[in-house]
Structures are given as structure tokens and as C-alpha cells.
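Topology and contacts: notes
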Amino acid sequence: MDDTWSFVTEQVIPGLNLGFWATVQLAVPSALLGLFTGIVVGVLRVYGPRPAQRLANGYVSFFRGTPLVVQLFCWYFGLPQICLFIESLGPVMGVLNALHLAWVPRLLVLSPMGAAILGFSLCSGAYHSEYVRGGLMSIRTGQIKAAQALGMSPMQTVLHVVLPQAVRRALPGCGNEIVYLIKYSSLASVVTVNELTGMARGIAKSTWRNTEVFFTVGVYYLLLVTLATFILGWVEDRLSLPGFERRRE
Amino acid sequence: MPDILTAIWEALPFMLSGAWVNAVLIVGAMLVGLMLGVPLAVGQVYGCKPVRRVVQIYVWAFRGVPILVQLYLFYFGILAWASSIPWLGWAHLESPFLAAVLVLGLTSAAYQSQIFRGAILSLPAGQFKAARALGMSDATAITTIILPQALRLSIPGWSNEYSILLKDSALAFSVGVMEVMARTRAVASTTHQPLPLSILAGIIFFALTWVGVKALLALEKKVRIPGYSH
Amino acid sequence: MNDSDIILKVEGLSKAFGNKPVLQDATFTQRRGTLKVLVGPSGGGKSTLLQCINYLIPPDQGRVWLDGRQINPKSRRELSAYRQEVGMIFQDFNLFDHLNALENVRIALLKVKGMAKAAATERAMAELARVGLAGKADLYPAQLSGGQKQRVSIARALAMDPKVLLLDEPTSALDPELIGEVLTVIKDLAQAGITMIMATHQISFSASLADEFLFMEKGRIVEHGSPAELLGKDCCSRTQAFCAKLSELAGDAGQ
């Protein structure tokens, strides 16, 4: 028992702390980019022109219908294939060379971190857009008419009437999605990012003490997820109004 | 271009037979989740305080730890350790498939318990009272009156759970289960065609989602009772 | 009749949804301080007319003058200025659900009129007091009864100092026992000389206050005149026939 404890504190935790920072560096930009994508796509799905709506709906159903790990595989291992293909096209490269743009296809070769952030943002953006869409659709047309009748401009209507209501309605779903993102950030280890799970695998491989290592990393995620849930619940409570109550489980 | 098409064509049967593995994984996990999720839900709704507490902790733990970490913990950790116990040797516990069904099933039980709990709570209180008034014991009332209604109401939640499980089942590759994702990686490493192969994998998963959701819709229609909706 | 007495002039307003005309050639003038009542069967175009007047539904044809100035609906700025001077009361209140009663009344003062917060708050409180809701300023729409919501929405419109108030069946969405409190407020406004156009089914209530009835059917104003002319005992107007039917249905629809 003593041996387990010292193993965990001396060998596992220092390594996992490094992985923890990688997880944070991964999850925070992904959450922000995902939310941004979700808002843009959600707004397009409700207010966009018909073709944009179609496109956005297609994006959402494909990204929600396929496993995240397949998507990551596609971004990390698949995109470079397009780069190679472009580079194999003589005339295209000739033009790019002439324009000093030969480096452009190389942009498709993403770092592990880059591929993970891209994959997480696009996937969670698809989920966020569902909640944003729901929030926007929950606003009755009467609210917008009333704002117009008071002489509000379209911008004022969106700012003072639509957004405050939509944000409150979308918040619980988007919050949940961010919690999911924290858990699914573990998939970045599949594309060789050394975040929490990646570090844990490394430690487990070198020490052969799988149970202790993976149990400890499980506790890390539990704490992270619990903390995030708590903060998001607090934000929701702060924004809660009669008629917009948080639906508690 | 033609090498891409040949690569896909040659990989197709191999990839598609992986879809069966995913399907079996999901069915197994949903059953484990159902068998464990129902008692968890009943415990959380009708149980005494310590029982409710235990259920809450279970749900909290399994919803909070990523599937990938659980797979590593069960396969490389717990099951490997258990199979080293001499008198458990006959059980062949060190199986990737077993680990995957267990992890997906235990996690699904946490989620399913919350679906069932919501369904039980949405039933009018009069149902339980009426059952008691007929002289039923609590257990009889729960199994013959409450659960048949609650399970019907749970089908839409189940459909959602199915599509989550399907996507999570792709993670079973990480412990070596030869499902679609594992096969994609295997073929990609020999043919060097990761892009078309991962798109193919995406299409297979997409089709599986679609088929399952449609099947659950049909089930919902079949067991529908007049005047019953959610 | 003095021309400067005319506050609102509507000429040839028409609107069709697809090829179904819902409003045809609505024309009338309204003098300051008067109450015009729109009656007629549901779907007769009353609500469309009201919403066309302040361009919430853009009319296909027709012109509107407020206080002698013709409205140019193509200019956003002009339209906003015009709408600030024309208050609108909706059948289903349309209070902003995320704002409490005070904030509902105050928001347009702050954001549209650009008033200072203290002044806007003071004005909003005064309007809430006017409709008898000074004590409910902190409550959100979800916490108010239907009658209270409608009174807040009247306060919200009055706070903008409108030259004309449009009321679109203000009591139709209310439970019978809540209608009275809203009618009382409307009566006070009429007596205070607020210019109003109201669509309603409350016939006997409005007959006692209205200066003119407009009877609308199939998108047209088919009759107009004072309540006495249209509802008189030996009059055989469409309005009278319609109102008699309403009374028959509801005991007396206009109590």
C-alpha cells in the first residue's frame, strides 16, 4: 500500500501534471473555437439563406453521425495525403512556385496539437450549433415584433432581445458540451499528443503498473469534469431568471 | 486516382465485416447498460438515502471518466490483474472484447439510469398509489406498473444513447478489438491511403447510426399504447 | 374640421399574402384624442391593418401620414423614429421575457431614445404606477398574470410618449376575470385623451368610449360611423348584425 502511494505521488503525479497542462492547452482553445463555430453555424441554420442552411445541416449531421476518433484520424493522417496529391501535380506546383506559394499545400500537414484542436472544434461546433439553434428557435416572433414596434433597429433587437434570451436557453446544452469536450480531449493521445491520457500511457508502458496509473488519471478527469460542471452551473445560476430556470436533473 | 479506388475496393469487405464487430459491441453494451441501468434508476428513485448516494457516485464516476481511460484501466489494469489470479484462469478475462463491452456497458448504465429515472419521475404519482391501493407490494408495483410505462417513455432517450454508444464503440480499437476503426488503421498503414479509408469509415458509422435510429423509431411505434406520448 | 387636428392619415393600404388579399384599400383619417374601434369577424383584416400602419407588416401599397408628415418606410432611421411615436399593444403581450417589468418599460427609453438611466427609471416607474403596477416592478413576465402583463405592455408603449396607440385585441388572450383590469386602464387612457386605434370584440365597452367604429370584413373597411349610427336600434348595418351575433354567443360579449 505504502509502495503504491509513493509510486503514485513520486512517479505518476509529476508526469500527469505535465499532461494536465497539455490537456488545458488543448481543451481551452477547442472549447472557444467550438463555441464560435457553433454560434456561426447555429445562426446560419436559423437565419441563413436556404443553401447555407442546407450546407450547415449537412455539416452538423455528418460530424454528429461519425466518431470523433475517425475525424481526428482524417485530419491528422488524411489531410497530408491531399498535400502530397497537390504536390504531385506538376502544373499546379509550377504556378504556386511562380507565385512563391509552394509552401501553401504544406499547411495541410498539421501538428498533432493542431489536428486535435481542429478536430475538437469542428466536432463540438456541430453539437453547439444544435443548442444555439434551439435557443434561437425558442424566441417567439412576437418578441422581435415588439422590439420593432418600439423603434429598435435590427442590431438593437439582436443585441438586447434575441441574444440575452437565446444565450440563456442554449447555455445548459453548451455547458454540457464543454464538459464532454474535456473528456473527449483524451482522444488527442490517438494522434500522439502527450496530454493527460497520452502521458498516462507513457508512464504505464515504462512502469507496467497499469491499474494505478490509469486509476490516477481517471481521478484527474473526474476532478476536471466536476470542476467544470460546478463552474458552468454557477454561471447558469447567475444568469437564471424567472421563466428561464435551469432545468435541474 | 485508380489506386485509391482499388484500395477502397479491396478494403471494403474487410472494413464492412468490422461493422459487425461494432454492432455486437453496441448490442452487448446496451444490454449490460439496460440490466444495470434499470436497478440503478429504481434505486435512485425509490431507494433509501445510502442507496441513492451509491447510485449518484456510480453515475458521477462513470460519466466523468473518459471511455479511453476506462478502456486502458479495465484491459491493461483490472482485467489483466484478474486473469493472473489462478482460480480465475478458466474465464479468459484478458480479452479486449470483454473489456470493451464492460466499459461501454458500465458507462451506458450510468447514462441509461438517468434516462429511466427521468421517465419514472415523469409518470403521474397516481400510478403508484393506484397499484398500492390494489394491494400490490412495492416490488410488484414497480415491475408490473411503473417499469412497463417508464421503458416505453425511454425509447427516444435510448435512440440517443445508441448513437453515442456507436461512436464510442470506435474507441475499442485502442485495446485491439478489430472493429471498423482498428481495420481502418490497419489497412491505412499498409496501403498509405488514410484519407479515403477514414472517409469510408465515416460513411460506415454514419450508415450504422441511421439504421439504428430508424430501428428504434420502428420499435417505438410497435410498443406504442394509445394516448401515450412523451 | 381643422387640418392640424388630424394626427394620422392612412390611404389605400393593401396587403396580400401570396395571391390572397388580406387588406384592401384601407383609408381613413384620425383626429387627435379620438378612439377608433375596429370590429368585425376574425380574419377580417383588423390585425393586418394595425400592423401595416406601423409597418410591422410591410404593406404592398398605400401611404401613411403622421402629424402631416408622410412616412418613408425605406429609410430605417425614419421608420424607427415613426415607430417610437406609434405605440403598439399586442394580443399576446410580447413582453421581453428576460427583462422584469421595470426593465421592459425602460429598455426602449435607454436604448432607442438614449435617455439617462435615472431619468428612464423614473419615467418607467411613473408609467407602471399609472397602470397600477408600481409594486410589481421587479417581477419577470413569467411571474405576472396575463392582465398584469398586458398592463405592463401598455406602460411600455406609453413611456415612449406615442402620438397614437395601436391596440390589437388587447383582451382576447386573457381569462375572463382578468379582462376588467385591462379595460379599466384603456378607459382611463381614452378619458385622458390618448389617440387610439383598437381592434376588439368588446363591443359594448368600446361603444361607450369610441368616437368611430370601423367594421372590417374580408380585408375591407365595409362600414364606418359613430357607435350610435352603426349600432342604433333601427339601424340595419352589418356592424349591428355582427354585434348582435356576438352578444348572442357570449351572453353579452361586451360586459
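Everything quoted here is computed from the prediction, not taken from an experiment.

Some thoughts on the overall build of chain C
Looking only at helices and strands, one finds 9 helices and 10 strands in chain C. For 255 residues, the compact-globule estimate of 2.2 N^0.38 gives 18 Å, and the C-alpha radius of gyration of chain C, at 18 Å, lies within 12% of that figure. Considered along the principal axes of its C-alpha atoms, chain C spans approximately 55 × 45 × 40 Å. Looking at chain C as a whole, 46% of its 255 residues are labelled buried.

Comments concerning the pairing of strand S9 (residues 212–217) of chain C
Residue and element names in this part refer to chain C. Across 4 bridges, strand S3 (residues 35–39) lies against S9 in parallel orientation. If you follow Val39 over to S9, its bridge partner there is Phe215. Bridge count between S9 and strand S10 (residues 220–225): 5 bridges; the pairing is antiparallel. What sits directly across from Leu214, in S10, is His224. Joining the antiparallel neighbours S9 and S10 is a turn of 2 residues, in which Lys218 adopts a positive phi near 50°.

A short note on the sheet that holds S3(C)
Residue and element names in this part refer to chain C. Spatial ordering of the open sheet is given by S6-S7-S8-S3-S9-S10, a layout of 6 strands whose pairing is mixed. Of all the strands in the sheet, just strand S6 (86–89) and S10 have a single pairing partner and so form its edges. Across this sheet, the average inter-strand angle for adjacent strands is 20°, counted without regard to direction. Of the pairings in the sheet, the one linking S3 to strand S8 (residues 196–199) comprises 4 bridges and is parallel in character. When the bridges of S8 are listed, Lys36 appears paired with Ile197.

Observations concerning unusual backbone geometry
Residues and elements named next belong to chain C. In the Ramachandran plot, Phe93 falls in the positive-phi region, its phi being about 65° despite a non-glycine side chain. Looking at the element boundaries, Phe93 is found in the loop between S6 and helix H3 (101–111). Although it is not a glycine, Glu169 sits at a positive phi angle of roughly 45°. Tracing the sequence through the fold places Glu169 in the loop between strand S7 (164–168) and helix H6 (176–191).

Quick look at the interface of chain A and chain B
Listed as interface residues are 31 residues of chain A and, on the opposing side, 29 residues of chain B. Those elements giving two or more residues to the side of chain A that touches chain B turn out to be helix H2 (50–65), helix H3 (68–87), helix H7 (154–184), helix H8 (196–207) and helix H9 (210–239) of chain A. Considering every element that reaches the side of chain A that touches chain B, the biggest residue donor is H9(A), with 10 residues. A class-by-class count of the residues in the side of chain A that touches chain B yields 18 nonpolar, 10 polar and 3 charged.

As for the confidence of the model for chain B
Of all residues in chain B, 97% attain a pLDDT of 70 or more, and the chain-wide mean is 88. Within chain B, the lowest mean pLDDT, 82, falls on helix H5 (residues 125–133) of chain B, and the highest, 95, falls on helix H2 (residues 49–64) of chain B.

Details of the packing of helix H5 (residues 112–137) of chain A against H7(A)
Residue and element names in this part refer to chain A. In contact at an axis separation of 8 Å, H5 and H7 are set at 155° when each is read in the N-to-C sense. Judged by the angle between their axes, H5 and H7 are roughly antiparallel. In this structure, H5 meets H7 at a crossing whose hand is right-handed. Residue-level contacts link Phe120, Ser124, Tyr127, His128, Tyr131, Val132, Gly134, Gly135 and Leu136 of H5 to Ala166, Val167, Arg169, Ala170, Gly173, Cys174, Glu177 and Leu181 of H7. Its residues assigned to classes, the contact of H5 with H7 shows 10 nonpolar, 5 polar and 2 charged.

Topic: the interface of chain A and chain C
Taken together, the contact pairs 20 residues of chain A with 23 residues of chain C. Breaking the side of chain A that touches chain C down by element, the ones donating at least two residues are helix H6 (141–149) and H7 of chain A. Here the side of chain A that touches chain C is built from residues that sort into 9 nonpolar, 9 polar and 2 charged.

What about the sheet that holds strand S1 (residues 6–17) of chain C?
Residue and element names in this part refer to chain C. Strand order in the open sheet formed by 4 strands is S2-S1-S4-S5, with antiparallel pairing between adjacent strands. Each end of this open sheet is capped by a strand with a single partner; those strands are strand S2 (20–31) and strand S5 (69–70). Strand direction decides the pairing type here: S1 and strand S4 (residues 61–66), joined by 5 bridges, are antiparallel. The partner of Leu8 across the bridge, within S4, is Leu66.

A word on the nonpolar core
Counting 118 residues, the largest nonpolar core has A:Val69, A:Leu72, B:Leu71 and B:Ala100 as the members making the most contacts within it. Aside from chain neighbours lying at most four places away, what touches A:Leu72 is A:Ala115, A:Ala116, A:Gly119, A:Leu187, A:Val190 and A:Val191. Counting residues in each nonpolar core, the second largest holds 78 residues, with C:Val37, C:Ile53, C:Phe90 and C:Leu230 among its members.

As for the environment of C:Leu189
Residues and elements named next belong to chain C. Relative to the helices and strands, Leu189 resides in helix H6. Along the backbone, Leu189 and Asn54 are 135 residues apart, and their C-alpha atoms lie at a distance of 20 Å. Once residues within four sequence positions are removed from consideration, Leu189 is found in contact with Ile194 and Met196.

Digging into the packing of helix H4 (residues 96–122) of chain B against helix H6 (residues 138–153) of chain B
Residues and elements named next belong to chain B. Remark: H4 packs on H6, axes separated minimally by 8 Å, with the N-to-C direction vectors making an angle of 120°. The angle between H4 and H6 places the two elements in the oblique class. Note that H4 runs across H6; the crossing there is right-handed. Between H4 and H6, the residues in contact are Phe116, Ala119, Ile120 and Ser122 and Ile146, Ala150 and Leu153, respectively. Taken together, the residues of the contact of H4 with H6 sort by class into 6 nonpolar, 1 polar and no charged.

Parameters and conventions
- Residues numbered from 1 in each chain as written.
- Chains lettered and ligands numbered in written order.
- Predicted model: local features only at pLDDT ≥ 70, side-chain atom pairs only at ≥ 80, totals over all residues.
- Helix = DSSP H or I, 4+ residues; strand = E, 2+ residues; numbered from the N terminus.
- Rg over C-alpha atoms; globule rule 2.2 N^0.38 Å.
- Buried ≥ 20, exposed ≤ 12 C-beta atoms within 10 Å, placed from the backbone.
- Pairing = 2+ DSSP bridges.
- Axes fitted to C-alpha atoms, helices over the stretch in contact; angles between N-to-C directions.
- Contact = placed C-beta atoms within 7 Å.
- Nonpolar A, V, L, I, M, F, W, Y, C, P; charged D, E, K, R; others polar.
- pLDDT = per-residue confidence, 0-100.
- Parallel < 35°, antiparallel > 145°, perpendicular 65-115°, else oblique.
- Left-handed = near helix turned anticlockwise from the far one by under 90°.
- Core = buried A, V, L, I, M, F, W, Y, C linked by C-beta atoms within 7 Å.

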